[in-house]
Amino acid sequence: MRRKLVAGNWKMNGSRAALAELDAIAAAAAAAPDVDVEIAVPFTLIAAAADRAPALAIGAEDVHEADSGAHTGCVSAGMVKEAGARFTIVGHSERRADQHETSHDAWAKAAAARRQGLRVILCCGETEAERDADRAERVVQAQIEKSVPDNADGSWFTLAYEPRWAIGTGRTPTLDEIAAIHAIARAKLRMLIGDAAAGVRILYGGSVTGANAAAILATANVDGALVGGASLTADKFVPIIEAAAGCNDAR
């Protein structure tokens, strides 16, 4: 049975003072031993976050695909690991949209992270225009096909479905829509990596809150949540952890 995972993504937010929020988040994680809790913070905060909350899995929000080299302003997987990161996010929709990253870029970054022993959360998801054109399923399948490494398995690899139009907007797909995409994602993983797909967690991301988390996390093939804005404060993030624990209790 796949353990629930609640992962936070601080994006370009946070400061050393904000790391005080990790105290209550770590306490909530300790009170929910059947739920995995992870927080991806800006590069500048990885070391301090890992020192402050050693029981939490602290991660990076992105890495470069190369191990080293003439890549001014970029950060490698080895660098974030040395700083204390245990995982990284790759292929986030904001990287795809704002930095014009492709699914191949996400694949290369996942491979780089794996080489350095980091776990990976790889993101996929459609735009609003793609959904309105009834292309959501095809877009997600194509992104998975081009992004997922051949050796992916649940020991280090997690997939996150995040419809781009739901991120930070307060809008979410219906539960049936979430279930449909997650089922398609699971089937596509099975085609790509065979039986290993059964152990890969698929997270939902996009305006997850304490109010809607329980229903989303109880949906078929939803193994957790990738949380943006609500992960910045314990008051908003802890209820999502508690909702995940509640799903485990209901099994």
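Relevant structure appears above.
Residues numbered from 1 in each chain as written. Predicted model: local features only at pLDDT ≥ 70, side-chain atom pairs only at ≥ 80, totals over all residues. Heavy atoms only, no water.

### What to know about the overall build of the protein
The condition that has to hold: Under the scheme used here, helices are H or I runs from DSSP no shorter than 4 residues and strands are E runs no shorter than 2 residues, and both carry numbers assigned from the N terminus. Here the radius of gyration uses the C-alpha set of atoms, whereas the globule reference equals 2.2 Å times the residue count to the power 0.38. Only heavy atoms matter for contacts: two residues are in contact if any of them lie within 4.5 Å across the pair. The Shrake-Rupley method, run with a 1.4 Å probe sphere, supplies the accessible areas, and residue values consider only the shown protein chains as cover. His is not counted here, nor are the chain ends, while Lys and Arg score as positive and Asp and Glu score as negative. For this purpose, a charge sits on NZ of Lys, CZ of Arg, CG of Asp or CD of Glu.
From N to C terminus, the protein includes 10 helices and 8 strands. For a compact globule of 251 residues, the expected C-alpha radius of gyration is about 18 Å, and the protein comes in at 17 Å, within 12% of that figure. With respect to the three principal axes, the spread of C-alpha positions in the protein is 45 × 45 × 35 Å. For the protein, contacts bridging at least 24 residues in sequence account for 74% of all contacts bridging at least 6. About 10800 Å² of surface is accessible on the protein, with carbon and sulfur atoms providing 51% of the total. Distance from the positive charge centre (26 side chains) to the negative charge centre (32 side chains) of the protein: 2 Å.

### Re the environment of Ala 133
Test applied: Exposure categories follow from relative accessible area, calculated using a 1.4 Å probe and restricted to protein chains: below 20% of the type maximum is buried, above 50% is exposed, and the middle band is partly exposed.
Positionally, Ala 133 belongs in the loop between α6 (128-132) and α7 (136-147). Residue classification places Ala 133 among the partly exposed residues on the basis of a relative accessible area of 43%.

### Regarding the sheet that holds strand β7 (residues 201-205)
Heads up, the rule is: Strand pairing is assigned whenever DSSP identifies at least 2 bridges connecting the two strands. Geometry is summarised by axes, namely lines fitted to C-alpha atoms with helices restricted to the contacting stretch, and by angles between N-to-C directions that run from 0 to 180 degrees.
Spatially, β1-β2-β3-β4-β5-β6-β7-β8 is the arrangement adopted by the 8 strands of the closed barrel, whose pairing is parallel. With direction set aside, neighbouring strand axes in the sheet form an average angle of 25 degrees. Against the sheet, α7 engages β5 (119-124) and β6 (157-161), with an angle of about 150 degrees to β5.

### Side note on the pairing of β6
The test is simple: When the strands point away from the viewer and the connection leading from the first strand across the helix to the second strand turns clockwise, the crossover is called right-handed.
Burial of β6 is extensive: 5 of the 5 residues sit out of reach of the surface. Note: β5 against β6, 5 bridges, orientation parallel. Residue pairing across strands places Val 120 opposite Phe 157, the latter belonging to β6. Strand direction decides the pairing type here: β6 and β7, joined by 4 bridges, are parallel. Its bridge partner being in β7, Ala 160 is matched across the sheet by Leu 203. Considered for its hand, the β-α-β crossover made up of β6, helix α8 (residues 175-193) and β7 is right-handed.

### Description of unusual backbone geometry
Even without a glycine there, the phi angle at Ser 207 is positive, about 60 degrees. Position of Ser 207 relative to the elements: it lies in the loop between β7 and α9 (213-217). Overall, the relative accessible area of 18% leaves Ser 207 in the buried class. For Asn 221, which is not a glycine, the phi torsion comes out positive at approximately 70 degrees. Relative to the helices and strands, Asn 221 is located in the loop between α9 and β8 (224-227). Taking the relative accessible area as the measure of exposure, Asn 221 reaches 25% and is therefore partly exposed.

### Some points on α8
To be explicit about the condition: Between the first and last residue of a helix there are one fewer steps than residues, each counted as 1.5 Å, and that sum is the expected span.
With 19 residues, α8 should reach 27 Å at 1.5 Å per residue; the first-to-last C-alpha distance of 27 Å fits that figure. Buried residues in α8 make contact with α6, α7, β6, β7 and α9.

### A look at the side chain of His 92
The condition is simple: Any N or O atom pair separated by 3.5 Å or less is treated as a polar contact, with the protein-specific requirement of one donor-capable and one acceptor-capable atom, and with residues adjacent in sequence counted only for side-chain atom pairs.
Along the chain, the position of His 92 falls in the loop between β4 (87-90) and α4 (93-98). A relative accessible area of 6% places His 92 in the buried class. Polar contacts involving the side chain of His 92 include one to the main-chain amide nitrogen of Glu 94, which spans 3.0 Å. When residues no more than four places from it in sequence are discounted, the contact partners of His 92 are Asn 9, Lys 11, Cys 123, Glu 162 and Ile 167.

### Some words on the environment of Ala 183
Assignment of secondary structure puts Ala 183 in helix α8. In this structure, the C-alpha to C-alpha distance between Ala 183 and Val 222, residues 39 residues apart in sequence, is 9.0 Å.

### Looking at the nonpolar core
Soluble globular proteins tend to bury their nonpolar side chains together. Rules: Take the buried residues of types Ala, Val, Leu, Ile, Met, Phe, Trp, Tyr and Cys, join any two whose side-chain atoms come within 4.5 Å, and each joined set is a nonpolar core.
Leu 22 and Phe 157 are the most contacted members of the largest nonpolar core, which has 71 residues in total. For this core, the element with the most residues is helix α10 (residues 234-250), which contributes 9 residues. In this view, Leu 22 contacts Trp 10, Ile 39, Ala 49, Ala 53, Leu 56 and Ile 58; residues no more than four positions away in its chain are not counted.

### Describing the pattern of salt bridges
Close approach of charged atoms lets side chains of opposite charge pair. Definition in use: In the sections that follow, a salt bridge refers to a side-chain nitrogen of Lys or Arg positioned within 4 Å of a carboxyl oxygen of Asp or Glu.
Going through the model one piece at a time under the given rule, you end up with 16 salt bridges. Salt-bridge contacts for Asp 36 lead to Arg 3; the nearest nitrogen and oxygen are separated by 2.8 Å. Here Asp 36 is found in strand β2 (residues 35-41), whereas its partner Arg 3 is found in the segment before β1 (4-9), with 33 residues between them in sequence. For the salt bridge of Asp 62 with Lys 109, the shortest nitrogen-to-oxygen distance reads 3.0 Å. With Asp 62 in the loop between β3 (57-60) and α3 (77-83) and Lys 109 in helix α5 (residues 103-115), this residue pair connects regions lying 47 residues apart in the sequence. Take Asp 62: its relative accessible area is 9%, and that puts it in the buried class. Via salt bridges that share partners, Asp 62, Arg 95, Glu 101 and Lys 109 belong to a single interconnected network.

Nothing here speaks to function; it is all geometry.
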